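Spelled out, the chains give:
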There are 4 protein chains.
Amino acid sequence: MRIGIIGLGRMGGNIARRLMRAGHECVALDRSAEAVKALAADGAEPAADVAALLAKLPQPQVVWVMLPSGEITEAMVAELAGAMRPGGVVIDGGNSFWKDDVRRGRELRAKGLHYVDVGTSGGVWGLERGYCMMIGGDEETVRMLDPILAALAPGAGEVTRTPGREGRDPRAEQGYIHAGPVGAGHFVKMVHNGIEYGMMQAFAEGFEIMRTRGDGALPEGERFDLDLADIAEVWRRGSVVSSWLLDLTAIALAGDPKLDAYGGNVADSGEGRWTIQAAIEQAVPANVLSAALYARFRSRQEHPFGEKLLSAMRFQFGGHVETKPG
Amino acid sequence: MRIGIIGLGRMGGNIARRLMRAGHECVALDRSAEAVKALAADGAEPAADVAALLAKLPQPQVVWVMLPSGEITEAMVAELAGAMRPGGVVIDGGNSFWKDDVRRGRELRAKGLHYVDVGTSGGVWGLERGYCMMIGGDEETVRMLDPILAALAPGAGEVTRTPGREGRDPRAEQGYIHAGPVGAGHFVKMVHNGIEYGMMQAFAEGFEIMRTRGDGALPEGERFDLDLADIAEVWRRGSVVSSWLLDLTAIALAGDPKLDAYGGNVADSGEGRWTIQAAIEQAVPANVLSAALYARFRSRQEHPFGEKLLSAMRFQFGGHVETKPG
Amino acid sequence: MRIGIIGLGRMGGNIARRLMRAGHECVALDRSAEAVKALAADGAEPAADVAALLAKLPQPQVVWVMLPSGEITEAMVAELAGAMRPGGVVIDGGNSFWKDDVRRGRELRAKGLHYVDVGTSGGVWGLERGYCMMIGGDEETVRMLDPILAALAPGAGEVTRTPGREGRDPRAEQGYIHAGPVGAGHFVKMVHNGIEYGMMQAFAEGFEIMRTRGDGALPEGERFDLDLADIAEVWRRGSVVSSWLLDLTAIALAGDPKLDAYGGNVADSGEGRWTIQAAIEQAVPANVLSAALYARFRSRQEHPFGEKLLSAMRFQFGGHVETKPG
Amino acid sequence: MRIGIIGLGRMGGNIARRLMRAGHECVALDRSAEAVKALAADGAEPAADVAALLAKLPQPQVVWVMLPSGEITEAMVAELAGAMRPGGVVIDGGNSFWKDDVRRGRELRAKGLHYVDVGTSGGVWGLERGYCMMIGGDEETVRMLDPILAALAPGAGEVTRTPGREGRDPRAEQGYIHAGPVGAGHFVKMVHNGIEYGMMQAFAEGFEIMRTRGDGALPEGERFDLDLADIAEVWRRGSVVSSWLLDLTAIALAGDPKLDAYGGNVADSGEGRWTIQAAIEQAVPANVLSAALYARFRSRQEHPFGEKLLSAMRFQFGGHVETKPG
C-alpha cells in the first residue's frame with residue numbers, strides 16, 4: 001500500500017521504516033525538514049505540506065497521524081478532514097483520549113471519511129520487535145488496512161502458542177487486533193498502560209522492600225544485603241513474575257545496581273489517569289491502578305501541604321513538634 | 001485511693017495532677033529528680049526508687065506505669081513484678097503493644113499479681129478535658145480501680161446524650177470503658193489511633209485538593225484561590241465532617257494559613273502499624289488505614305529506590321529520560 | 001426577602017421552612033401538588049409553574065433551585081434563564097458538578113443574570129441545626145443574598161471559638177462562606193463529601209477490625225468480644241476521633257449493635273467521584289479518598305470478573321483450585 | 001548426590017523426580033504410603049520413618065523438607081535436629097516465614113547442623129520447566145549443595161541474555177541464587193510473591209475495567225464489547241505488559257472467556273501478608289502490594305460489618321435508606 005505518515009518522531013519515523021521494509025510506500029510529512037530528509041534517505045517520498053502529501057496518495061487516501069496527543073493531533077485531524085477526498089481514512093496512531101476518538105469518528109463520518117484509532121505499544125523497540133496494536137474503527141476499513149497492520153505487527157514470533165484458540169481471530173497471534181468501533185483501540189491501549197503502571201509499581205515496592213532490608217538499623221541476623229541485580233535475573237527463569245518489565249529491570253540493575261543515574265521524578269501520561277476515570281465512571285474498584293498513579297504524582301512533589309497539615313494536627317492534639325528548624 | 005505513679009513525662013505528670021485534684025494521693029517516681037520535685041510541689045509524695053515507692057503504698061499496692069512503650073516499660077513491669085506483694089496491681093497506661101500486655105498479664109497472674117492495660121487518649125489536653133480511657137483487665141481489679149478511673153475520665157460533660165443507651169454500661173458516658181480482658185484496652189486504643197490516622201489523612205488529601213485548585217496553570221475560571229482557614233471554620237458548623245480534628249485544623253490554619261511552620265515529615269507511632277498487622281492477621285481489608293500510614297512513611301523519605309526503578313524501566317522500554325542532570 | 005423555591009423535597013422543603021421561620025417569604029413550586037400544599041400550609045405562597053412563580057417575585061428576582069442534580073437541574077436553570085428579567089439570580093443549592101456551574105454561570109452572565117452555587121451540608125438535621133453552606137458567585141450578588149444565607153446557616157451556636165480569627169470573614173463562624181467565584185461553592189462542598197467518605201471508611205475499617213477480633217478461630221487470650229456501642233460512646237469524650245460521624249455511629253450502634261437492619265450495599269453520589277477526578281486533574285495523591293470510594297463500589301458487587309481472573313491465574317500457575325462447586 | 005526428601009506432595013514429589021532425572025539418588029518419606037510407593041516406582045528408595053531415612057544417607061546427611069509451612073515443618077525440623085549427625089544439612093524448601101528460618105538456623109547451628117532455606121517458584125510447571133530458587137544459608141553449605149540446586153534450576157534456557165552481567169554470579173542465569181544468610185532465601189521468595197499479588201491484581205483491575213465497558217447502561221458509541229481473550233493474546237506480542245501471568249491469562253480466557261468455572265473466592269498465603277509486615281517494619285509505603293492482598297480478603301467476604309456501618313451513618317445523617325428489605 002501507499003500511505004501518508006504525518007509526524008516523524010521516534011515512533012512515527014520507525015513506523016514508516018518498518019512499513020517500507022515490508023514493501024509499502026510512505027509519503028512523509030513533518031514540521032522538521034531534517035526528519036523528512038532522514039526518512040527520505042531511507043526511501044520515503046517527502047511532502048512539504050498536507051496538500052502535497054494528499055496529492056501524492058491514491059484513492060482512498062490513507063494517512064497515519066503520529067503526533068503528540070491533544071491539540072496538535074486535534075488540529076491535524078481537523079485539517080485532514082477538511083482536505084481529504086470522500087472515502088479517505090485518517091489513522092490516529094498516537095495516544096489520544098478515546099472519547100476524543102469517538103467524537104472525531106462521528107465528525108469524519110459526517111464528511112464521508114473514516115477514522116481509525118490505533119493504540120500502539122512497543123516504544124523504542126518497535127522497529128525491530130514490531131508494534132503491538134489495538135485498533136478501533138469500522139470493520140471494512142480495518143480490513144482494508146490489513147496489509148499495513150500486519151507489516152507493523154510483531155508477528156507470531158517465538159511466543160508459545162496458547163492452546164484452545166482454534167476458531168478465534170488469528171490476528172491476535174500476529175500481534176494486532178480489531179478491538180471494536182472507533183475509540184475501542186485507544187480504550188484498550190489505555191487500560192494496557194494502566195495495568196503497566198500497576199505492574200511497575202508492584203516491582204517498585206517489592207524491590208524497595210528488598211533494598212531496605214539491608215538497613216543498618218535492623219537487628220543483626222535479620223538484615224540482608226541483597227543483590228537486586230541477581231534477584232531480577234534469577235526471577236526471569238521459571239518464576240511467576242517473569243515478564244518483559246522484569247527483563248528490563250534486570251538490564252537496568254546489571255548496568256547500574258543502585259540506579260544512581262536516576263533522580264526518581266516519575267512522569268505519568270494521560271493513559272494512566274484516563275484509566276482511573278474509566279474505573280470511576282464504571283464503578284470499578286481500582287485501588288492498585290490508582291495507587292500506582294498516585295505514587296508517580298507523589299514522586300514529583302516536595303512535601304505537599306497535606307503532610308504539613310498532618311504535622312499541624314499532631315502538634316495541636318499531642319504537642320508533637322514537627323516544625324521546621326527555625 | 002493512694003497510688004504510685006512511675007514516669008512523670010507530659011502524660012504521667014498530668015495524670016498524677018488530675019488524680020490529686022480529685023483527692024487521690026500519688027507517690028511519684030521518675031528518673032528525673034526535677035520532674036519528681038515539680039510534682040511534689042503539686043502535692044505528690046516523692047519516691048527515690050521502686051522499693052521506696054512500693055513501701056509507701058497500702059495493700060493492695062497499685063502502681064500506674066506511664067513510660068515510653070517497649071523496653072523501658074517492659075523492664076519496669078518486670079521489676080515491679082519481682083518486688084510487689086501478692087494482690088498488687090500494675091497498670092500500664094502507656095502505648096504498649098497489646099500482645100505484650102497479654103503476655104505480661106499471664107506472667108503477673110502466675111505471681112499472684114494483676115495487670116491492667118489502659119489505652120489513654122487525650123494528649124496535652126487531658127489535664128483539663130480528662131482522659132478517654134479503654135481498659136483491659138479482670139473484672140474485679142478494674143472495678144476496684146474505679147475511683148481513680150472515674151477521676152481521670154472526662155465525665156459526661158456537655159456532650160449530647162446518645163438515645164437508646166438505657167441499660168448499658170454507664171461508664172462509657174463518663175469517658176472510660178472496661179473493654180475486656182488484659183490486652184483489650186490497648187487493642188481498642190490501637191484501633192482508635194488507626195482510625196485517627198485515616199481521618200487525618202482524609203483531611204490532608206481534601207485540603208491538598210483544595211489548595212492545589214489555586215494552581216496558576218489551571219484554566220481561568222476553573223481556578224479557585226480558596227481560603228482554607230475559613231473553610232475549616234465553616235465546616236465546624238453543621239457539616240458532616242465536623243470533628244475535633246477539624247477544630248484543631250481550624251486553629252492551626254487561623255494562626256498560620258500556609259502552615260509555613262511545618263516541615264512535613266510526619267512521624268508515626270506503633271499503634272498505626274499494629275492496626276494494620278491486626279487487619280492482616282484478621283483478613284480485614286484496610287486500604288484507608290494502610291494508605292494513611294504509608295503517606296507518613298513516604299513523607300519522611302527522599303526518593304525511594306523504587307521510584308528510581310520506575311524511571312529506569314521507563315527509560316528501558318520507552319527511551320523516556322528521567323535521569324539526574326549529570 | 002421574598003424568594004422563589006423550586007423543588008420541595010426533603011432538602012428544599014426544609015430550607016423554605018427555615019427561611020420562613022426567620023421571617024422571609026417563599027414562593028414555592030414543585031411537580032408534586034401535595035408537596036406545594038404542605039408547604040403552603042406552613043406559610044408559603046404556592047406557584048403553579050415557573051412563570052407564575054416569577055410573576056410573584058420582586059426585582060431582582062431570586063430563585064433557589066433545589067432539585068436532583070444532572071438533567072433535571074440543568075433543564076430548570078435553562079428554563080429560568082429564558083424567563084427571568086435581567087438582574088435576576090438563580091441559586092443552585094443542589095449537588096451539581098462544579099464545572100457545570102462554571103458553564104452555567106457564563107451562560108447566565110451573557111443574559112444579564114447571576115448564578116450562585118451553594119453547596120449545602122446538613123441533611124435531615126438542617127431544619128433544626130441549620131445548613132452549613134459554601135457559596136460560589138460574584139461578590140455583589142452573594143452580599144445581596146446575605147439575609148437568606150444568614151437565616152439558613154447554623155449560626156455561631158455553642159461551638160468553641162477558634163482563637164486567632166480576628167480580622168477574618170465573620171460569616172465562617174456563622175456557618176457559611178463565600179468560597180469564591182461561580183463553581184467554588186460546589187467545589188468546596190464536593191471536597192467536603194470526599195473527606196466525609198474517607199472519614200466514614202476509616203471508621204468502617206476500624207470497627208471491622210474490632211468486630212473481627214471476636215472471631216472464634218483466634219487463639220484464646222487474644223480474642224476479644226468488644227462492645228462496639230460502648231466503644232463508640234466512650235470515644236465521644238476526649239478522644240482524638242470525636243466527631244459528628246462518631247456521634248451518629250454511637251446512636252446507630254446503641255439501637256442495633258449488630259447493624260442487622262442494614263444490607264451493606266453502600267451508595268455513592270457524584271461528589272465522591274468528582275473529588276477523585278479533581279485529584280487526578282491536579283496530580284494530587286489521594287489514596288485514602290479513592291479507597292473510600294472504591295469500598296462503596298465493591299460493596300455493591302458480587303464477585304467481579306477480576307476476582308475470577310485471579311483464581312484462574314492461580315489455577316494455571318499453581319494448580320490451586322478455586323472453581324465453583326460443579 | 002544422595003539426598004533425603006520428606007514430603008512428597010505436588011511439589012516434593014516432582015522435586016525428587018527432577019533430581020533423579022539428573023542422576024541424583026533420593027530417599028523418600030511421606031506419611032502417605034501411596035505417595036512413597038509412587039515415587040519408588042520412579043526410582044526413589046523408600047523410607048518408613050525419619051530414622052530409616054537418615055540411616056540410608058551418607059555423611060554429611062542432607063535432607064530436603066517439603067512440607068506445609070507452619071507447625072508441620074516446625075515439628076519435622078525439630079525431629080531432624082534431634083536425630084541427624086553433626087555436619088548434617090536440613091533444607092526447608094517450603095513456604096516458611098523467614099524469621100522462623102532465622103531462628104531455626106540459630107538452633108541447628110548450636111547443634112553443629114546446617115540449615116538452608118530455599119524459596120521455590122515454579123508450581124506445577126516446575127518438573128518440566130525447572131524451579132526458580134532463592135537460597136539462604138552459609139556460603140560453604142550452599143556451595144556443597146550446588147549439584148542438586150543446579151539440577152533443579154531451569155537452566156539458562158532460551159531466555160535472552162541480560163547485557164552487562166560479566167563478572168556477576170553465573171548461577172542467577174541458571175535460575176538459582178544464593179541470596180544471603182539463613183532466612184534470605186525465603187525473604188526474597190516472600191517478596192516475589194508480594195509482587196506477584198500486585199501484578200495479578202493489576203491485571204484483574206484492568207480486565208474488569210475492560211469487561212464493564214460493555215455494560216448496557218453506558219451510552220451508545222461509548223460502549224465496547226471487548227474480546228478479552230484476544231486482548232490477552234495480542235498483548236503477549238510486543239506490549240509492555242507481556243509476562244508469564246499474561247500468558248496464563250490468555251490460556252484461561254481462550255478456554256473459558258467468561259471464567260464461569262471460577263467462583264471468585266481468592267485465597268492468599270502467608271507470603272503476601274508477610275510482605276506487608278516487612279514493608280511496615282521497614283517503613284516502606286506499599287499501597288499496591290497491600291491493596292492486592294486486601295482485594296483477596298474482600299473476595300472471600302459477604303458484606304463486612306464495616307459496610308453496614310457506612311449505611312448506618314448515611315441513614316443517620318442523610319436519611320438515606322440502605323436497609324435490608326424487611
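Higher on the page you've got the structure.
Presented here is a report on the structure given in the accompanying data block.

How each quantity is defined
Residues numbered from 1 in each chain as written. Chains lettered and ligands numbered in written order. Predicted model: local features only at pLDDT ≥ 70, side-chain atom pairs only at ≥ 80, totals over all residues. Heavy atoms only, no water. Least-squares fit on C-alpha atoms with pLDDT ≥ 70 in both. Contact = heavy atoms within 4.5 Å. Helix = DSSP H or I, 4+ residues; strand = E, 2+ residues; numbered from the N terminus. Polar contact = N/O pair within 3.5 Å; in protein donor to acceptor, adjacent residues only side chain to side chain. Buried < 20%, exposed > 50% of the residue type's maximum accessible area, 1.4 Å probe, protein only. Pairing = 2+ DSSP bridges. Right-handed = clockwise from strand over helix to strand, strands pointing away. Axes fitted to C-alpha atoms, helices over the stretch in contact; angles between N-to-C directions. Parallel < 35°, antiparallel > 145°, perpendicular 65-115°, else oblique. Nonpolar A, V, L, I, M, F, W, Y, C, P; charged D, E, K, R; others polar. Buried area = accessible area lost by both parts, 1.4 Å probe. Salt bridge = Lys/Arg side-chain N within 4 Å of Asp/Glu carboxyl O.

Considerations on the relation of the copies chain A and chain C
Turning to step 1, where the next piece is worked out: Overlaying chain A on chain C yields an RMSD of 0.0 Å, the required transformation being a rotation through 180° with an accompanying axial translation of 0.0 Å. These values place the two chain copies in the arrangement generated by a two-fold rotation axis. Of the C-alpha atoms belonging to chain A, the one lying closest to the rotation axis is found on Q277(A), 3.4 Å away.
Turning to step 2, where the next piece is worked out: Of all interface residues in chain A, 100% are interface residues in chain C too; the two copies therefore contact each other through one and the same surface.

A short note on the environment of D268(C)
Residue and element names in this part refer to chain C.
Turning to step 1, where the next piece is worked out: Secondary-structure assignment places D268 in the loop between α12 (244-255) and α13 (270-281).
Turning to step 2, where the next piece is worked out: The sequence separation of D268 and R314 amounts to 46 residues, and the corresponding C-alpha distance is 32 Å.
Turning to step 3, where the next piece is worked out: Ignoring anything within four residues of it in the chain, the contact list for D268 reads Y197, R273, L293, R296, F297 and R300.
Turning to step 4, where the next piece is worked out: A distance of 2.7 Å separates a polar atom in the side chain of D268 from a polar atom in the side chain of R273.
Turning to step 5, where the next piece is worked out: There is a polar contact of 2.9 Å between the side chain of D268 and the side chain of R300.

Focus: the pairing of strand β5 (residues 89-92) of chain A
Residues and elements named next belong to chain A.
Turning to step 1, where the next piece is worked out: Burial along β5 is two-sided: the face carrying V89 and I91 and the face carrying V90 and D92 are both buried.
Turning to step 2, where the next piece is worked out: Pairing geometry for strand β4 (residues 62-65) and β5, over 4 bridges, is parallel. Within β5, the residue paired with V62 across the bridge is V89.
Turning to step 3, where the next piece is worked out: For the crossover from β4 across helix α4 (residues 71-83) to β5, the handedness is right-handed.
Turning to step 4, where the next piece is worked out: Sheet analysis places β5 next to strand β6 (residues 114-121), joined by 4 bridges and oriented parallel.

Notes on the packing of helix α10 (residues 184-212) of chain B against helix α14 (residues 287-299) of chain C
Turning to step 1, where the next piece is worked out: In the contact formed by α10(B) and α14(C), the axes pass within 8 Å of each other and the chain directions differ by 110°. When the axes of α10(B) and α14(C) are compared, the pair comes out roughly perpendicular. Where α10(B) approaches α14(C), its residues G198(B), Q201(B), A202(B), E205(B), G206(B) and I209(B) are matched on the opposing element by N287(C), V288(C) and L289(C).
Turning to step 2, where the next piece is worked out: Here the residues of the contact of α10(B) with α14(C) are counted per class, giving 4 nonpolar, 4 polar and 1 charged.

Some points on the relation of the copies chain C and chain B
Turning to step 1, where the next piece is worked out: Expressed as a screw transformation, the operator carrying chain C onto chain B has a rotation angle of 180° and an axial translation of 0.0 Å, and the superposed copies differ by an RMSD of 0.1 Å.
Turning to step 2, where the next piece is worked out: In this assembly, 100% of the residues forming the interface of chain C have copies in chain B that are likewise at the interface, indicating an isologous arrangement.

Re the sheet that holds strand β8 (residues 176-180) of chain D
Residues and elements named next belong to chain D.
Turning to step 1, where the next piece is worked out: Taken in spatial order, the 8 strands make up an open sheet running β3-β2-β1-β4-β5-β6-β7-β8, and their pairing is mixed. Single-partner strands in this sheet number two, and they are β3 (45-46) and β8.
Turning to step 2, where the next piece is worked out: Two strands pair when backbone bridges link them, and strand β1 (residues 2-6) and strand β4 (residues 62-65) are joined in this way by 3 bridges, in the parallel orientation. Among the inter-strand pairings, I5 is bridged to a residue of β4, identified as W64.
Turning to step 3, where the next piece is worked out: The strands touched by helix α1 (residues 10-21) are β1, β2 (25-29), β4 and β6 (114-121); relative to β1, the strand with the most contacts, the crossing angle is about 165°.

Focus: the interface of chain C and chain B
Turning to step 1, where the next piece is worked out: Contacts between the two partners involve 90 residues from chain C and, on the opposite side, 90 residues from chain B.
Turning to step 2, where the next piece is worked out: Between chain C and chain B, a total of about 7,400 Å² is buried, with carbon and sulfur atoms accounting for 67% of that surface.
Turning to step 3, where the next piece is worked out: Summed over the three residues of chain C that lose the most area to chain B, namely I209(C), R237(C) and V240(C), the buried surface amounts to 10% of that side.
Turning to step 4, where the next piece is worked out: Here chain C is connected to chain B by 12 salt bridges.
Turning to step 5, where the next piece is worked out: Measuring nitrogen to oxygen at the nearest pair gives 3.7 Å for the salt bridge that ties R168(C) to D230(B).
Turning to step 6, where the next piece is worked out: For the pair chain C and chain B, the interface holds 36 residue pairs in polar contact (both at pLDDT 80 or more).
Turning to step 7, where the next piece is worked out: Looking at the side of chain C that touches chain B, the element that brings in the most residues is helix α10 (residues 184-212) of chain C, giving 18 residues.
Turning to step 8, where the next piece is worked out: Here the residues of the side of chain C that touches chain B are counted per class, giving 50 nonpolar, 22 polar and 18 charged.

Here's the deal with the pattern of salt bridges
Turning to step 1, where the next piece is worked out: For the structure shown, the criterion picks out 118 salt bridges over all chains.
Turning to step 2, where the next piece is worked out: Between R236(C) and E233(C) there is a salt bridge whose closest N-O contact spans 3.1 Å.
Turning to step 3, where the next piece is worked out: The class for R236(C) is buried, based on a relative accessible area of 7%.
Turning to step 4, where the next piece is worked out: Residue classification places E233(C) among the buried positions, given a relative accessible area of 0%.
Turning to step 5, where the next piece is worked out: Across the salt bridge formed by D268(C) and R300(C), the nearest N and O atoms sit 2.9 Å from each other. Residue D268(C) is found in the loop between α12 and α13, and its partner R300(C) is found in the loop between α14 and α15 (305-318); the two are separated by 32 residues along the sequence.
Turning to step 6, where the next piece is worked out: Residue D268(C) is classed as buried on the basis of its relative accessible area of 14%.
Turning to step 7, where the next piece is worked out: Accessibility expressed as a relative area gives 35% for R300(C), which makes it partly exposed.
Turning to step 8, where the next piece is worked out: Through salt bridges with shared partners, one network takes in R161(A), R165(A), R168(A), E173(A), D227(D), D230(D), E233(D), R236(D), R237(D) and D247(D).

Digging into the packing of helix α10 (residues 184-212) of chain A against helix α13 (residues 270-281) of chain A
In a packed pair of helices, the relevant descriptors are the angle between the two axes and the axis-to-axis distance.
Residues and elements named next belong to chain A.
Turning to step 1, where the next piece is worked out: As a packed pair, α10 and α13 sit with axes 8 Å apart at the nearest point and diverge in direction by 105°. Considering the angle they form, α10 stands roughly perpendicular to α13. Only E271, G272, W274, T275 and A278 of α13 make contact with α10, whose side of the interface consists of F187, K189, M190, V191, N193, G194 and Y197.
Turning to step 2, where the next piece is worked out: The class makeup of the residues in the contact of α10 with α13 is 6 nonpolar, 4 polar and 2 charged.

Describing the pairing of strand β2 (residues 25-29) of chain B
All names here are of chain B.
Turning to step 1, where the next piece is worked out: Counting buried residues along β2, 4 of its 5 residues qualify, which places the element largely inside the surrounding structure.
Turning to step 2, where the next piece is worked out: Where β2 lies against strand β3 (residues 45-46), 2 bridges are found, and the strand directions are parallel. Paired with V27 across the bridge in β3 is E45.
Turning to step 3, where the next piece is worked out: In this region the chain leaves β2, passes through helix α2 (residues 33-41) and returns to the parallel neighbour β3; the handedness of that crossover is right-handed.

Observations regarding the sheet that holds strand β2 (residues 25-29) of chain A
Each strand in a sheet pairs with its neighbour through backbone hydrogen bonds, running either in the same direction (parallel) or in the opposite one (antiparallel).
Residue and element names in this part refer to chain A.
Turning to step 1, where the next piece is worked out: Pairing within the open sheet is mixed, and its 8 strands lie in the order β3-β2-β1-β4-β5-β6-β7-β8. For this open sheet the edge positions go to β3 (45-46) and β8 (176-180), each flanked by a neighbour on one side alone.
Turning to step 2, where the next piece is worked out: Lying on the sheet, helix α5 (residues 98-110) is in contact with β5 and β6; it crosses β6 at an angle near 150°.

Some thoughts on the interface of chain A and chain C
Turning to step 1, where the next piece is worked out: Each side of the interface is counted separately: chain A has 20 residues, and chain C has 20 residues.
Turning to step 2, where the next piece is worked out: Carbon and sulfur atoms make up 67% of the area that chain A and chain C hide from each other, which totals about 1,600 Å².
Turning to step 3, where the next piece is worked out: Considering only the surface of chain A that becomes buried against chain C, I280(A), P285(A) and Y294(A) emerge as the three largest contributors, covering 39% of it.
Turning to step 4, where the next piece is worked out: Counting every contact that joins chain A to chain C gives 0 salt bridges.
Turning to step 5, where the next piece is worked out: Taken together, the links from chain A to chain C amount to 4 residue pairs in polar contact (both at pLDDT 80 or more).
Turning to step 6, where the next piece is worked out: Those elements giving two or more residues to the side of chain A that touches chain C turn out to be α13 and α14 (287-299) of chain A.
Turning to step 7, where the next piece is worked out: By residue number, the principal contributor to the side of chain A that touches chain C is α14(A), which donates 7 residues.
Turning to step 8, where the next piece is worked out: Here the side of chain A that touches chain C is built from residues that sort into 13 nonpolar, 3 polar and 4 charged.

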